[in-house]
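# Overview (structure and organization)
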Protein chains: 2
Amino acid sequence: MTLSASEVNALKRAPEVNGVPAVFLERWSPRSFTEGEVSAADLRRVFEAARWTASSVNGQPWRYIVAAKGTPVHAKIVSSLAGFNKEWAPKAPVLILGAALARTAKGEHNPYGMYDLGAASSMLTLAAAELGLATHQMAGFDRDVARRELAIPEEYELGAVIALGYQGEPAALSSEELIKRELAPRERKPLTEWVFSAWGVPANLA
Amino acid sequence: MTLSASEVNALKRAPEVNGVPAVFLERWSPRSFTEGEVSAADLRRVFEAARWTASSVNGQPWRYIVAAKGTPVHAKIVSSLAGFNKEWAPKAPVLILGAALARTAKGEHNPYGMYDLGAASSMLTLAAAELGLATHQMAGFDRDVARRELAIPEEYELGAVIALGYQGEPAALSSEELIKRELAPRERKPLTEWVFSAWGVPANLA
């Protein structure tokens, strides 16, 4: 017998930290989505939240293609998915592909395109969680296929595909391997491994 | 006569969107900081919020060096600042430099390093805003100077310097130009310019 969606949410929840709002600790990336459609109003909300993200020289380099299941664009995004993502992500009611203008005015590569896109997408996922929506970002897709199928201009660098919808029951997933991943505890490095007072020296935050 | 900090906050606030929490709309990036110190407990909170950010294959490539004003590391970060940032950012009680492991196991450049670092940093800024703390991310710094002064290994790509502290009065800034920037309205592109149903075609989110 597997766990229910609410049981797995309890399992996935990060340890409480006084002063950190619950949404930061509760958001996670499920693979099981229900058939429930996402309203246009909720889509607008998550993009309005992302809209006010900070970006380098306020360049707002992020662009998103958003597609509801059953549309040709959704099918095109699905056609680019790789590996395990092909099994579960096509069922998500909404798929979103993020891209960023990643060139400077001189035509050079600009690393802040991806930095700012990652920022906006994380804001989108947090705003979705506030609305009771689940998201799962995927780097596992064929960028050449996505670029060709969706006619994305060369000067835009592709980011992630984001599945968006209502979380489903783990048991509804199509394989034991997917269910196993859905139930695995969330793990993160302790702060001592990545918050430093000097390179490699853990900061004292006690 | 210039505006007070609370007047400028009202001016900067994005238009209300039903269903989008206020913190997404109210967070902005001031340049005026008070002398008020940030507690170690609050620093821990903002990094704990960033800790649970989603990342590509859960790689958590982000690393941060965090430095309080008056320390040698703060001075080293200050020494890397460029342009206008040299005028206001040294007064911030905390400066944070973000970096990301941006190579694959094969040694190739991995664009998700910057993507994930941007995501974690944006979570940090939002969690800070929830605590009443202001942040201002800067791409304007000399990466070679920062890398050398802070001994950051080659395989880590530098992201942004983040000023963190309590927002100060606009009038406390050191020049007319900085005050002018502090009072300028926040501007963002409308969704029609970057949320598409197909490339270049605005999605219908009404």
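The structure we're discussing is the one just above.
First, a word on what this report is: a plain description of the structure on this page. (Residues numbered from 1 in each chain as written. Chains lettered and ligands numbered in written order. Predicted model: local features only at pLDDT ≥ 70, side-chain atom pairs only at ≥ 80, totals over all residues.)

Attention now moves to the pairing of strand β1 (residues 62-68) of chain B. Burial runs high along β1 of chain B: six of the seven residues are buried. Where strand β5 (residues 195-198) of chain A meets β1 of chain B, two bridges bridge the pair, whose relative direction is parallel. When the sheet's bridge partners are listed, Val 195 of chain A is paired in β1 of chain B with Tyr 64 of chain B. Where β1 of chain B and strand β2 (residues 94-101) of chain B come together, seven bridges link them in antiparallel fashion. In the sheet register, Ala 67 of chain B faces β2 of chain B, and the bridge partner there is Leu 95 of chain B. (Buried ≥ 20, exposed ≤ 12 C-beta atoms within 10 Å, placed from the backbone. Helix = DSSP H or I, 4+ residues; strand = E, 2+ residues; numbered from the N terminus. Pairing = 2+ DSSP bridges.)

Below, the discussion takes up the interface of chain B and chain A. Taken residue by residue, the interface counts 63 residues in chain B and 63 residues in chain A. Going through the elements one at a time, α2 (22-26), α3 (40-51), β1, α6 (112-130), β4 (156-165) and β5 (195-198) of chain B are the ones with two or more residues in the side of chain B that touches chain A. (Contact = placed C-beta atoms within 7 Å.)

Residue and element names in this part refer to chain B. Counted residue by residue, β2 has eight buried out of eight residues, so it is predominantly covered. Both faces of β2 are covered, namely the face carrying Val 94, Ile 96, Gly 98 and Ala 100 and the face carrying Leu 95, Leu 97, Ala 99 and Leu 101. As paired strands, β2 and β4 are joined by seven bridges and run antiparallel to one another. Note that in β4 the partner of Leu 97 across the bridge is Val 161.

Let us now look at the sheet that holds strand β3 (residues 134-138) of chain A. Ordered in space as β3(A)-β4(A)-β2(A)-β1(A)-β5(B)-β6(B), the six strands form an open sheet in which the pairing is mixed. Both outer strands of the open sheet, β3 of chain A together with β6 (201-202) of chain B, are each paired with one neighbouring strand and no more. Sitting on the sheet, helix α6 (residues 112-130) of chain A is in contact with β1 (62-68), β2 (94-101), β3 and β4 (156-165) of chain A, with an inclination near 10 degrees to β4 of chain A. Across the sheet, helix α7 (residues 143-150) of chain A lies against β1, β2 and β4 of chain A, angled at about 90 degrees from β4 of chain A, the strand it touches most. (Axes fitted to C-alpha atoms, helices over the stretch in contact; angles between N-to-C directions.)

What follows is about the environment of Thr 135 of chain A. Residues and elements named next belong to chain A. Looking at where Thr 135 falls in the secondary structure, it is placed in strand β3. For Thr 135, a count of 27 C-beta atoms within 10 Å gives the class buried. Residues Thr 135 and Ala 198, 63 residues apart in the sequence, show an inter-C-alpha distance of 35 Å. Beyond its immediate stretch of four places on either side in the chain, Thr 135 contacts Ser 29, Thr 125, Ala 128, Ile 162, Ala 163 and Leu 164.

Quick look at the relation of the copies chain B and chain A now. Superposition record for chain B on chain A: RMSD 0.0 Å, screw rotation 180 degrees, translation along axis 0.0 Å. One copy is carried onto the other by what is essentially a two-fold rotation axis. The fraction of interface residues of chain B whose copies in chain A are also interface residues reaches 100%, indicating that both copies meet through the same surface. (Least-squares fit on C-alpha atoms with pLDDT ≥ 70 in both.)

To continue, consider helix α4 (residues 72-80) of chain B. Within α4 of chain B, the full set of buried residues consists of Val 73, Lys 76, Ile 77, Val 78 and Ser 80 of chain B. Structurally, α4 of chain B contributes buried residues whose contacts are with β5 of chain A together with β1, β2, α7 (143-150) and β4 of chain B.

Let's shift gears to the sheet that holds β2 of chain B. Pairing in this open sheet of six strands is mixed, and the strands run β6(A)-β5(A)-β1(B)-β2(B)-β4(B)-β3(B) from one edge to the other. Looking along the sheet, the strands with just one partner apiece sit at the ends: β6 (201-202) of chain A together with β3 (134-138) of chain B. Sheet topology places β5 of chain A next to β6 of chain A; two bridges connect them, and they run antiparallel. When the bridges of β6 of chain A are listed, Phe 196 of chain A appears paired with Pro 202 of chain A. In the packing of α6 of chain B onto the sheet, contacts are made with β1, β2, β3 and β4 of chain B, and the angle to β4 of chain B comes to roughly 10 degrees.

Remember, this is a structural readout, not a statement about activity or role.
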